[in-house]
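Structure at a glance
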Amino acid sequence: MRILIATLLCLAVSAGATDARAQDLDTAFTGPHLGTAATATNHHFVAIESNASGIISTANVGAWGVGGEGFAGYDLRVSPRLRIGGEAQVEFGGRTAQTITPDFSLGIDPRYGWSVTGRLGYVVTPKAMVYAGLGYGTHYYRTIATGAAAADGFDRNSSFILRGGMEYRLSKRAGVRLEFEHLDGTRNQFALGIPIRF
């Protein structure tokens, strides 16, 4: 009799834990969120040069620097493990990417940027989700040009955005995420962020 009671208690506890885990999985990573992130950002461009003989050469110019971003978004449950959502971001920081020759110098000094993306997430466990996204973004620059190409001013790059990353829940509301983002043409960045969910 004692063995039967103990077995029934174990089954009840196990069933309760399974139900709680299933419910937690079902609601994880849903609803609104916002946060900030520290970034390692590479700003880059292609420098094109033509010599006296008319020969054109190109060079990829880039520089890594420290930056930051703020973000806000919303995720919807599609199935117990699938999430679909959208997010808006603002980015700032990074170093000036510049090339210098005896005749001229060219560079871009990053100011700020923004992006809007949609994303699809897969909940691996109630505490971990991997995701990928696609969207559109713009980054603004102060252009630097001296010598034969002297023409300082302001410019921007607008193109498609690719994103991918992983988010881990530290508590019911707070988490940490690691993400890579590519703005085609001028920016790559790694971001370590803290999302807060509501």
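Described below are features of the structure shown in this document.

Criteria and cut-off values
Residues numbered from 1 in each chain as written. Predicted model: local features only at pLDDT ≥ 70, side-chain atom pairs only at ≥ 80, totals over all residues. Heavy atoms only, no water. Helix = DSSP H or I, 4+ residues; strand = E, 2+ residues; numbered from the N terminus. Buried < 20%, exposed > 50% of the residue type's maximum accessible area, 1.4 Å probe, protein only. Contact = heavy atoms within 4.5 Å. Areas by Shrake-Rupley, 256 points an atom, 1.4 Å probe, with all protein chains shown as cover. Pairing = 2+ DSSP bridges. 1 Å grid on protein atoms, 1.4 Å probe; cavity = no way out; pocket = protein on both sides within 12 Å on 5 of 7 lines; lining within 4 Å. Points joined across faces, edges and corners; volume = space filled by probe spheres on them. Nonpolar A, V, L, I, M, F, W, Y, C, P; charged D, E, K, R; others polar. Core = buried A, V, L, I, M, F, W, Y, C linked by side-chain atoms within 4.5 Å. Salt bridge = Lys/Arg side-chain N within 4 Å of Asp/Glu carboxyl O. Phe/Tyr/Trp six-rings, centres within 6.5 Å; stacked < 30°, edge-to-face > 60°. Lys NZ or Arg CZ within 6 Å of the ring centre and 35° of its normal. Patch = residues over 30% accessible without salt bridge, like charges linked within 9 Å, V, L, I, M, F, W, Y side chains within 5 Å.

So, about the overall build of the protein chain. When its secondary structure is counted, the protein chain shows 1 helix and 9 strands. From first element to last, N terminus to C terminus, the protein chain shows the α and β order α-β-β-β-β-β-β-β-β-β. Relative to its 198 residues, the protein chain shows a buried fraction of 38%. Pairs at least 24 apart in sequence give 61% of the contacts found in the protein chain among residues at least 6 apart. For the protein chain, the exposed area adds up to about 11,000 Å²; of that, 66% sits on carbon and sulfur atoms.

Looking now at the pairing of strand 4 (residues 97-100). Side chains of strand 4 alternate between two faces, with Ala-97 and Thr-99 buried and Gln-98 and Ile-100 left unburied. Pairing of strand 4 with strand 5 (residues 104-125) involves 4 bridges; the strand directions are antiparallel. In the sheet register, Gln-98 faces strand 5, and the bridge partner there is Gly-107. Here strand 4 hands over to strand 5 after 3 residues, the two strands then running antiparallel side by side.

Time to look at the layout of surface pockets. Volume-wise, the largest pocket comes out at about 250 Å³. For the lining of the largest pocket, the secondary-structure elements that each account for two or more residues are helix 1 (2-27) and strand 7 (153-169). Here the residues of the lining of the largest pocket are counted per class, giving 4 nonpolar, 4 polar and 6 charged.

Core analysis: the biggest nonpolar cluster contains 7 residues, these being Phe-45, Ala-47, Val-61, Ala-63, Ala-97, Ile-108 and Tyr-141. For this core, the secondary structure elements donating two or more residues are strand 1 (31-50) and strand 2 (56-77). Excluding its chain neighbours within four sequence positions, the residues that come into contact with Ala-97 are His-43, Phe-45, Val-61, Gly-62, Ala-63, Leu-106, Gly-107 and Ile-108. Counting 6 residues, the second-largest nonpolar core is a separate cluster that includes Leu-25, Ala-28, Phe-29 and Val-123.

As a further point, take the pattern of salt bridges. Side chains that differ in charge, positive against negative, can pair when their charged atoms come close. This structure, assessed with the given rule, holds 15 salt bridges. Ionic pairing is found between Asp-109 and Arg-111, a salt bridge with its closest N-O pair at 3.3 Å. Judged by relative accessible area, Asp-109 falls into the buried class, the value being 15%.

Moving on, we come to unusual backbone geometry. Despite not being glycine, Phe-29 has its phi angle at roughly 60 degrees, a positive value. With respect to the helices and strands, the residue Phe-29 is situated in the loop between helix 1 and strand 1.

This part covers the packing of aromatic side chains. Counting across every chain of the model gives 4 aromatic pairs. Geometrically, the ring pair formed by Trp-114 and Tyr-136 is tilted, given 6.1 Å between the ring centres and 55 degrees between the ring planes. With Trp-114 in strand 5 and Tyr-136 in strand 6 (residues 128-147), this pair connects stretches of sequence that are 22 residues apart. The exposure class of Tyr-136 is partly exposed, given its relative accessible area of 43%. Taking the centre distance of 5.0 Å and the plane angle of 55 degrees together, the rings of Phe-180 and Phe-190 count as tilted. Of this pair, Phe-180 sits in strand 8 (residues 175-183) while Phe-190 sits in strand 9 (residues 187-197), and the two are 10 residues apart along the sequence. Through pairs of rings, three or more aromatic residues link up here, namely Trp-64, Phe-180 and Phe-190. When the ring centre of Tyr-131 is taken as reference, the NZ or CZ atom of Arg-119 above it lies at 4.4 Å.

We now examine a nonpolar patch on the surface. A cluster of nonpolar side chains, contributed by Tyr-74, Leu-76, Val-78, Leu-82, Ile-84, Leu-120, Tyr-122, Val-124, Val-130, Met-166, Tyr-168 and Leu-170, occupies part of the molecular surface with about 1,100 Å² of accessible area. When residues of the nonpolar patch are traced back to their parent elements, those giving at least two are strand 2, strand 3 (82-93), strand 5 and strand 7. For the nonpolar patch, the element with the most residues is strand 5, which contributes 3 residues. Turning to its location among the elements, Tyr-122 is positioned in strand 5. Tyr-122 sits in the partly exposed class, given a relative accessible area of 39%.

Don't take any of this as a statement about function, it's just geometry.
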